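A look at the structure
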Amino acid sequence: MTAFPRSRSMTFTAALALTATVLSAPAAVAAAPPEGAYWHTRSVTTSTHPWRFGTKSHPYALLETSVSEEWATPAGKAWNGYRELATRPESPADKKAWQRDGSPTQWGKTIDGKIVKLSGKHSKGHVGLLLPDRGQFWVAGQWLTYEEVQRLPADPERLEDWLTRAARVGGLTESVANWLTSVLPQLLHQFPAPREVRAAAWEALLKSPNVRMEGTAKDSLGRSGTVVVINTTYGTGEKRNVVERRLIVDTGRMVLLSDSQKSTLGGKPLLEGSYDKTLIEVGWTDSPPTVPALP
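So, here's what we can say about the structure. Everything quoted here is computed from the prediction, not taken from an experiment. (Residues numbered from 1 in each chain as written. Predicted model: local features only at pLDDT ≥ 70, side-chain atom pairs only at ≥ 80, totals over all residues. Heavy atoms only, no water.)

**Re the overall build of the protein chain**
- Along the backbone of the protein chain there are six helices and 17 strands.
- Residue pairs at least 24 apart in sequence account for 64% of intrachain contacts in the protein chain once pairs closer than 6 positions are excluded.
- Surface summary for the protein chain: the accessible area is close to 14,400 Å², and the carbon and sulfur share equals 52%. (Helix = DSSP H or I, 4+ residues; strand = E, 2+ residues; numbered from the N terminus. Contact = heavy atoms within 4.5 Å. Areas by Shrake-Rupley, 256 points an atom, 1.4 Å probe, with all protein chains shown as cover.)

Laid out in structure tokens, this is it:
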């Protein structure tokens, strides 16, 4: 539902939609009434463009930033809003090289001649209804109604068991452990699950073998939360892809505050798989979908 950099697991989850069989959610928690008209998230994501600009003697990197919002009614009708913000040099050193390049505000080619379309101005943005409208939520490779999302297990072991069975129903062929560490964080912001279910997702995540806690920290907005780091490895040798994902979670509300990812391929930085995302808003709202405002 977003236009942000996507992890390997998100791509796989989307692929499951073609073959998944519905796995009913067990009755564990009484369905709570919604606290607003829409379940809403608003986030800002930054990432370094994977290619370089300017001249070979004075190359520079550009930082891309975007705002994304999602709204979903309890009936499962959903909207997505997206807006690209002004592209800018990444660091002070990049700014100096950019100035040597004439301080452009539009970029059509990279140093190597690759065609791009980047702007130093904010875009107008857009908002639209997501289709097809199934009247359900896409959770861990399964289509669930609002009531079924409410009844997801509020016990970490039972929730992990349900997710594991959902993966098998969907035909998962990669590591279930890796898949779980990608899906569990989604329950902390993407769906209108009760706090008890989000707490179970958090506890299940902490028990994963490739997850470690790193105390507390503040996100880019100055909000404090608990830090967890997820390390995932795919492939071997020159194709060995190592992904380190750092989450900051508000364990009072049990919602995700920030999600940063660094990726390497064969030991070298992989900018295509690296980003910093801040969840500005997560929760119920009565405000209708609209083009994302500037941060």
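**A look at the nonpolar core**
- If you look at the biggest cluster of nonpolar residues, it comprises 41 residues, and the most contacted ones within it are Val139, Val149, Leu152, Leu163, Trp179, Leu184 and Leu187.
- Looking at which element gives the most residues to this core, the answer is helix α6 (residues 195-206), with seven residues.
- Counting eight residues, the second largest nonpolar core, distinct from the first, contains Phe53, Ala97, Trp98 and Trp107. (Core = buried A, V, L, I, M, F, W, Y, C linked by side-chain atoms within 4.5 Å. Buried < 20%, exposed > 50% of the residue type's maximum accessible area, 1.4 Å probe, protein only.)

**Looking at the pattern of salt bridges**
- The full count for this structure, using the stated rule, is six salt bridges.
- With its nearest N and O atoms 2.9 Å apart, the salt bridge here joins Arg42 to Glu69. With Arg42 in strand β1 (residues 38-48) and Glu69 in strand β4 (residues 62-72), the pair connects residues that are 27 residues apart, well separated along the chain.
- Owing to a relative accessible area of 9%, Arg42 belongs among the buried residues under this scheme.
- Under the relative-accessibility criterion, Glu69 is labelled buried at 6%.
- In this structure, Arg223 engages Asp219 in a salt bridge whose closest nitrogen and oxygen atoms are separated by 2.7 Å.
- The exposure class assigned to Arg223 is partly exposed, which follows from its relative accessible area of 24%.
- Note on Asp219: relative accessible area 8%, which makes it buried. (Salt bridge = Lys/Arg side-chain N within 4 Å of Asp/Glu carboxyl O.)

**A closer look at a negative patch on the surface**
- Together, Asp155, Glu157, Glu160 and Glu203 make up a negatively charged patch on the protein surface.
- Assignment of secondary structure puts Glu157 in helix α4 (residues 156-169). (Patch = residues over 30% accessible without salt bridge, like charges linked within 9 Å, V, L, I, M, F, W, Y side chains within 5 Å. Lys, Arg positive; Asp, Glu negative; His and termini not counted. Charge placed at Lys NZ, Arg CZ, Asp CG, Glu CD.)

**A short note on the packing of α4 against α6**
- Packing of α4 against α6 leaves a shortest axis separation of 8 Å and a crossing angle of 85°. Relative to α6, α4 is oriented roughly perpendicular. Between α4, through Pro156, Leu159 and Glu160, and α6, the contact on the second element is made entirely by Val197, Ala200, Ala201, Glu203 and Ala204.
- A class-by-class count of the residues in the contact of α4 with α6 yields six nonpolar, no polar and two charged. (Axes fitted to C-alpha atoms, helices over the stretch in contact; angles between N-to-C directions. Parallel < 35°, antiparallel > 145°, perpendicular 65-115°, else oblique. Nonpolar A, V, L, I, M, F, W, Y, C, P; charged D, E, K, R; others polar.)

**Digging into the pairing of β4**
- Among the eleven residues of β4, ten are classified as buried, and the element is accordingly described as predominantly covered.
- Summarising the sheet, β1 and β4 pair through ten bridges and their orientation is antiparallel. Its bridge partner being in β4, Val44 is matched across the sheet by Val67.
- Judged from the two bridges that link them, β4 and strand β6 (residues 88-89) form a sheet pairing that is antiparallel. Bridged to Leu62 within β6 is Pro89.
- Direction of pairing for β4 relative to strand β5 (residues 78-84): antiparallel, over a ladder of seven bridges. (Pairing = 2+ DSSP bridges.)

**Brief notes about the side chain of Asn178**
- Position of Asn178 relative to the elements: it lies in helix α5 (residues 176-183).
- Apart from residues lying up to four places away in sequence, Asn178 is in contact with Asn210, Thr232, Thr233 and Tyr234.

**Focus: the packing of aromatic side chains**
- As enumerated under the stated definition, the model contains five aromatic pairs in all.
- With centroids separated by 5.5 Å and ring planes inclined at 80°, the aromatic side chains of Trp39 and Trp284 adopt a geometry described as edge-to-face. Of this pair, Trp39 sits in strand β1 while Trp284 is found in strand β17 (residues 275-285), placing the two residues 245 residues apart along the sequence.
- Residue Trp39 is classed as buried on the basis of its relative accessible area, which comes to 7%.
- Judged by relative accessible area, Trp284 falls into the partly exposed class, the value being 22%.
- On the basis of an interplanar angle of 35° and a centroid distance of 6.5 Å, the ring pair of Phe53 and Tyr60 is categorised as tilted. The pair formed by Phe53 and Tyr60 is uniform in burial state, with each residue classed as buried.
- A network of ring pairs unites the aromatic residues Trp39, Tyr146 and Trp284 as a single cluster.
- In this structure, Lys114 packs its charged tip against the face of Trp51, placed 5.2 Å from the ring centre. (Phe/Tyr/Trp six-rings, centres within 6.5 Å; stacked < 30°, edge-to-face > 60°. Lys NZ or Arg CZ within 6 Å of the ring centre and 35° of its normal.)

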